2 protein chains.
Amino acid sequence: MPYELYYWDSIQGRGEFVRLALEEADADYVDVCRGPSSKGQGIPAMIAIMGSRSDADIPFAPPFLKDGERIIPHVANILMYLGPKLRLAPQNEGERHVLNGLQLTITDFVAEVHDTHHPIATSKYYEDQKEEAKSRSAEFIQNRIPKYLGYFERVLQQNPEGPAHIFGGGLTYVDLSLFQVFEGLRYAFPRATAHLSDRYPHLSALRAAVMKRPNIARYLQSDRRIPFNENGIFRHYPELDRDMA
Amino acid sequence: MPYELYYWDSIQGRGEFVRLALEEADADYVDVCRGPSSKGQGIPAMIAIMGSRSDADIPFAPPFLKDGERIIPHVANILMYLGPKLRLAPQNEGERHVLNGLQLTITDFVAEVHDTHHPIATSKYYEDQKEEAKSRSAEFIQNRIPKYLGYFERVLQQNPEGPAHIFGGGLTYVDLSLFQVFEGLRYAFPRATAHLSDRYPHLSALRAAVMKRPNIARYLQSDRRIPFNENGIFRHYPELDRDMA
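Residues numbered from 1 in each chain as written. Chains lettered and ligands numbered in written order. Predicted model: local features only at pLDDT ≥ 70, side-chain atom pairs only at ≥ 80, totals over all residues. Heavy atoms only, no water.

On to the side chain of Q129(A), then. All names here are of chain A. For Q129, the position within the fold is in the loop between α4 (93-117) and α5 (130-157). A distance of 2.8 Å separates the side chain of Q129 from the backbone oxygen of A121, its partner in a polar contact. With residues near it in sequence (within four places) discarded, Q129 still touches H117, H118, P119, I120, A121 and K124. (Helix = DSSP H or I, 4+ residues; strand = E, 2+ residues; numbered from the N terminus. Polar contact = N/O pair within 3.5 Å; in protein donor to acceptor, adjacent residues only side chain to side chain. Contact = heavy atoms within 4.5 Å.)

If you want it as structure tokens, here you go:
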């Protein structure tokens, strides 16, 4: 039975971190919201699960993964669940928690990316909080990008098995997520990220290596890879971008 | 060997979710930053781990747990790791991921609580972003508290084993975290939360039940329970509080 991924059909958003892992592993999965209603797919299938007034443990928000009858919500949780099955994580439980810790730092970073364009209210349009978004983005560029990327660069640098991967000597789902973060930042903030490769050489090399993996390269060329756009997490609003000090 | 919890010594903050689980289980643990420097404890011990220029997988931020040589960062990750060991989570792996999904929704909620007083920049004082904090808090009270608490109330309501616990028929660490969220909201927003018990009866009953558990009651009376204050996550600034519509 294929995995069923539930996420919005027109954005990369948070679902993309899961899609990348499934694609790298060439896993059998259905991107449910992008499927036809004639097969019981599409967004209504997702809303029905979230809106259930009788089921146990309904998810708060997408993305969530359905594996048989089991529903697993939240990106880091889905990836931790899938990791060993897709051979994108160690089998050892302690090491899986270390990996999960790295992914949860990415979760926090992604939430901060979202808030660069929505610092006041998710329920309001960007245009209604543009001034606050400029302030928050300035802080994000000046302090938060360096703090997070500097951290991941250091973890790569200090990996006892070498800086090619964020954990151990082989590819994990966190490597794929770091690729996505790097791509997203470049899309949203081209000015701020102009010198990213110079400042974070190990991260930059990791990004290039992930892009060249055959399954990832094929995915990025396919129409399954939704282009970045201004409904997603990483949005390009030129007025929020600036050169990094 | 006792567990070592690393977190700031003068606030409940995110560390409190871990402290509550350790206290409920009567686990042998050291709250390292609150210990004496004569024993190699205190905040410098935490900074040394985070600042290491050679260790693998250094944590991005506190809290983190040290179990022997293993370092586990992030609240939800720590709780997922400790859960079965402290008998505050099922042993079944699939169910542990369901529980982790619930905890990660609390993580997101707590991040939003933080941003009510710091919507623009963590690096700046509250006073420097007070106007934006008022806007964000108004949105938080009007839309986000109802969305999150309504969700958890529904999960309690739809628990096949009854609404006394968020998952299954026994206490889990998520129950303890929901107690903490409830307490924190009441502290930070006494006006907005004045009618919380009427609106969320199952959550309210869960909070009362947790408070009465002997180990929790003893902990709350002890000096190990740091009072809420305006350096933590849940802060009481009267100008951010208002009646809920």
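This part covers the packing of α4(A) against helix α4 (residues 93-117) of chain B. The interhelical angle for the contact between α4(A) and α4(B), taken along N-to-C directions, is 35 degrees, at an axis separation of 12 Å. The handedness of the crossing between α4(A) and α4(B) is right-handed. Within the contact between the two elements, α4(A) uses E93(A), R96(A), H97(A), L104(A) and D115(A) and α4(B) uses E93(B), R96(B), H97(B), L104(B) and D115(B). Looking at side-chain class alone, the contact of α4(A) with α4(B) contains two nonpolar, two polar and six charged residues. (Axes fitted to C-alpha atoms, helices over the stretch in contact; angles between N-to-C directions. Left-handed = near helix turned anticlockwise from the far one by under 90°. Nonpolar A, V, L, I, M, F, W, Y, C, P; charged D, E, K, R; others polar.)

This brings us to the interface of chain B and chain A. Across the contact, 53 residues belong to chain B and 53 residues belong to chain A. For the pair chain B and chain A, the summed buried area comes to about 4,400 Å², and 55% of that belongs to carbon and sulfur atoms. Looking only at chain B, the three residues that lose the most surface to chain A are F60(B), R154(B) and Q158(B), adding up to 16% of its buried area. The interface formed by chain B and chain A includes four salt bridges. (Buried area = accessible area lost by both parts, 1.4 Å probe. Salt bridge = Lys/Arg side-chain N within 4 Å of Asp/Glu carboxyl O.)

The tally for this structure, following the rule as stated, stands at 28 salt bridges over all chains. Among the ionic pairs, D31(A) bridges to R19(A), the shortest N-O distance being 2.7 Å. In this pair, D31(A) is assigned in strand β2 (residues 29-31) and R19(A) in helix α1 (residues 15-24), connecting sequence segments 12 residues apart. Looking at D31(A), the relative accessible area reads 12%, which means it is buried. You can call R19(A) buried: its relative accessible area is 0%. When the shortest N-O distance is used, the salt bridge between E93(B) and R96(A) registers 3.1 Å. Of this pair, E93(B) sits in helix α4 while R96(A) is found in helix α4, placing the two residues in two different chains. Given the relative accessible area of 9%, R96(A) is considered buried. It is possible to trace a salt-bridge network through shared partners that takes in E16(A), R19(A), D31(A) and R225(A). (Buried < 20%, exposed > 50% of the residue type's maximum accessible area, 1.4 Å probe, protein only.)

Formed by 134 residues in total, the largest nonpolar core has its most connected members in L82(A), I166(A), L185(A), L82(B), I166(B) and L185(B). Excluding anything up to four places from it in sequence, I166(B) contacts D57(A), L102(B), F152(B), V155(B), L156(B), N159(B), T172(B), V174(B), D175(B) and L178(B). (Core = buried A, V, L, I, M, F, W, Y, C linked by side-chain atoms within 4.5 Å.)

What follows concerns the domain arrangement of chain A. All names here are of chain A. Assigned domains within chain A: domain 1 (3-85) and domain 2 (93-240). Averaged C-alpha coordinates put domain 1 and domain 2 at centres separated by 21 Å. In total, domain 1 and domain 2 occlude about 2,300 Å² of area from one another, counting both sides; carbon and sulfur atoms represent 61% of this. Put simply, domain 1 and domain 2 have three salt bridges between them. R224 is the salt-bridge partner of E23, the closest N and O atoms lying 2.8 Å from each other. Viewed at the interface, domain 2 and domain 1 are joined by 11 residue pairs in polar contact (both at pLDDT 80 or more). Every element with two or more residues in the side of domain 1 that touches domain 2 is listed here: α1 and α3 (75-85). A class-by-class count of the residues in the side of domain 1 that touches domain 2 yields 10 nonpolar, four polar and eight charged. (Domains from an automatic or database assignment.)

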